[in-house]
Amino acid sequence: MAENISRAAFGSAAFEKRRLPIIKKPENIEVAQIELSEILHLGKLNIRCNSIYRDKVSKLIQCDLPLEPNYMSNKAGRFAISLGPDEYLILAEPGGENQLEKILNSSNIAKHISVVNVSDAFCAILLSGKKVREFLSKGCPIDLDPNSFQENQSVQCDIALANVILLCLEENEFICICRTSFANYLLDWCCDAGQEFGILVTKGI
Amino acid sequence: MLKIKCPYCGYRNESEFSCGGEAHIARPAVSNKITDSAFCEYLFMRENPKGVFLERWCHTSGCRRWFNIARDTVSHEIYEIYLMGNTPKTVKGKKAYQANWRRTSKAEAASKTPKRTKK
């Protein structure tokens, strides 16, 4: 119950305040080249574990934890993103994170790992479209060339002063995870920066 | 802008990092009693060299991990990047480490807990 309340209060506040869809484009462009929507109620778990326990955790969550930082792995709709040498972020289907948390906390390695549910602390935004790399490059110092930032790579960086985790799903499809408190700001920036390519903001799924 | 190679994330812009000042400052252990002036020296005195300086840096916008850098304060050249808990390995880094007045200070000597003797 408490979970539902907190999600209603903070989860997608940045999107619910606005009247969606938002379309911003110059007159000479017919169709918006960038599409943006929130991924609603995506479960997020922060796991800290030593490399010794990595394989055991991978088995428990049924998704391999990536070996190197700045990479992610995905299996059956679940993502495991490496945030550092001993820190991982797991993205799970709505409600799936509670199940995973229970599994990990009741396992025999529970003493050696830390599991924190950060579903409400972060907000996931799905970005897609032909010009999405060009659009993100406007505020992000990372090299987003398709040859250097490829599928299954992730990066923690700043987009226009907001700290984000950027995941590359396909060539022109990204998930951007930012702090809920920064979602408003990031959405403003996206609407502004995406105007030249044409941007369509829709309600999440 | 400096391009700093984070040991975990690779080359990133300086704007993603924050500097934590001088590295290798050991806190005196509670069990070792030292004078107030020696503690003051540990707490407030910092090296300000013209040349190689050993600093702590944090990749704030990335992996949020701390590491050490041996940087030249005049040319900004980075000689070495090494992990926390290690000492520099390059010649210039080693020299800067040894030349620091802190190596002979009372506070640093007091930071090492006395070895337990077998009963």
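Values in this document were obtained by computation on a predicted structure and should not be read as measured data.

Caption draft 1: Here's a closer look at the interface of chain A and chain B. Counting residues at the interface gives ten residues for chain A and nine residues for chain B. Elements represented by at least two residues in the side of chain A that touches chain B include exactly strand 5 (78-84) and strand 9 (154-159) of chain A. Among the elements that line the side of chain A that touches chain B, the one with the most residues is strand 9 of chain A, at three residues. Here the residues of the side of chain A that touches chain B sort into five nonpolar, four polar and one charged.

Caption draft 2: Focus on the sheet that holds strand 1 (residues 22-24) of chain A. Residue and element names in this part refer to chain A. Judged by pairing direction, the sheet is mixed, and its seven strands sit side by side in the order 1-12-2-8-11-10-9 without closing on themselves. Edge positions in the sheet fall to strand 1 and strand 9, since each of these pairs with one other strand and no more. Across the sheet, the mean angle separating the axes of adjacent strands is 25° when strand polarity is ignored. Pairing between strand 2 (residues 34-38) and strand 12 (residues 199-202): four bridges, direction parallel. Directly across from Glu-35, in strand 12, lies its bridge partner Leu-200. Packed onto the sheet, helix 6 (residues 180-193) meets strand 1, strand 2, strand 8 (122-128), strand 9, strand 10 (162-170), strand 11 (173-179) and strand 12 and runs at close to 135° relative to strand 11.

Caption draft 3: Spatial organisation of unusual backbone geometry. A positive phi angle, close to 60°, is found at B:His24, a residue other than glycine. Looking at where B:His24 falls in the secondary structure, it is placed in the loop between strand 3 (18-22) and helix 1 (36-44).

Caption draft 4: Structural context of the nonpolar core. All names here are of chain A. Counting residues in each nonpolar core, the largest one holds 70 residues, and the members touching the most others are Ile-81, Ile-90 and Cys-176. Built from parts of two domains, this core gets at least three residues from each of domain 1 (1-40 + 121-205) and domain 2 (43-118). When residues no more than four places from it in sequence are discounted, the contact partners of Cys-176 are Ile-125, Leu-127, Val-164 and Leu-166.

Caption draft 5: Geometry of helix 6 of chain A. Taking 1.5 Å as the rise per residue, helix 6 of chain A with 14 residues should run 20 Å; its terminal C-alpha atoms sit 20 Å apart, in good agreement. Within the span of helix 6 of chain A, buried status applies to A:Ala183, A:Leu186, A:Leu187 and A:Cys190.

Caption draft 6: Molecular detail of the sheet that holds strand 4 (residues 72-75) of chain A. Residues and elements named next belong to chain A. Spatially, 4-5-6-3-7 is the arrangement adopted by the five strands of the open sheet, whose pairing is antiparallel. Strands with a single pairing partner mark the edges of an open sheet, and in this sheet they are strand 4 and strand 7 (114-117). This sheet shows a mean twist of 20° between the axes of neighbouring strands, independent of strand direction. Examined bridge by bridge, strand 3 (residues 43-48) and strand 6 (residues 87-92) share six bridges and lie antiparallel to one another. In the strand pairing of strand 6, Asn-46 is matched with Leu-89. Set on the sheet, helix 4 (residues 96-105) makes contact with strand 3, strand 6 and strand 7; between it and strand 3 the angle comes to about 25°.

Here is what the cut-offs are and how they apply
- In this numbering scheme, every chain counts its residues from 1 along its sequence in written order.
- All chains are assigned letters beginning with A, and all ligands numbers beginning with 1, in the order in which they are written.
- Local features in a predicted model are, by the rule used here, given only for residues with pLDDT of at least 70; side-chain atom pairs are given and counted only at 80 or more, and totals for whole chains, interfaces and linings are based on all residues.
- Placing C-beta atoms from the backbone, we regard two residues as in contact once those atoms come within 7 Å.
- Where helices and strands are cited, they refer to DSSP runs of H or I of at least four residues and of E of at least two residues respectively, numbered from the N terminus.
- Charged means Asp, Glu, Lys or Arg here, nonpolar means Ala, Val, Leu, Ile, Met, Phe, Trp, Tyr, Cys or Pro, and polar covers whatever is left, Gly included.
- A pair of strands is treated as paired once DSSP finds two or more bridges between them.
- For helices, the axis comes from a line fit to the C-alpha atoms of the stretch in contact; other axes are also lines fit to C-alpha atoms, and the angle between any two N-to-C directions lies between 0 and 180 degrees.
- Buried Ala, Val, Leu, Ile, Met, Phe, Trp, Tyr and Cys residues form a nonpolar core when they are connected through C-beta atoms within 7 Å.
- Any residue with 12 or fewer other C-beta atoms within 10 Å of its own C-beta is exposed, any with 20 or more is buried, and the rest are partly exposed; the C-beta atoms used are placed from the backbone.
- Note that the domain bounds were set by an automatic or database domain assignment.
- Here, expected helix span is obtained from the residue count minus one, scaled by 1.5 Å.

Read these as geometric descriptors, not functional statements.
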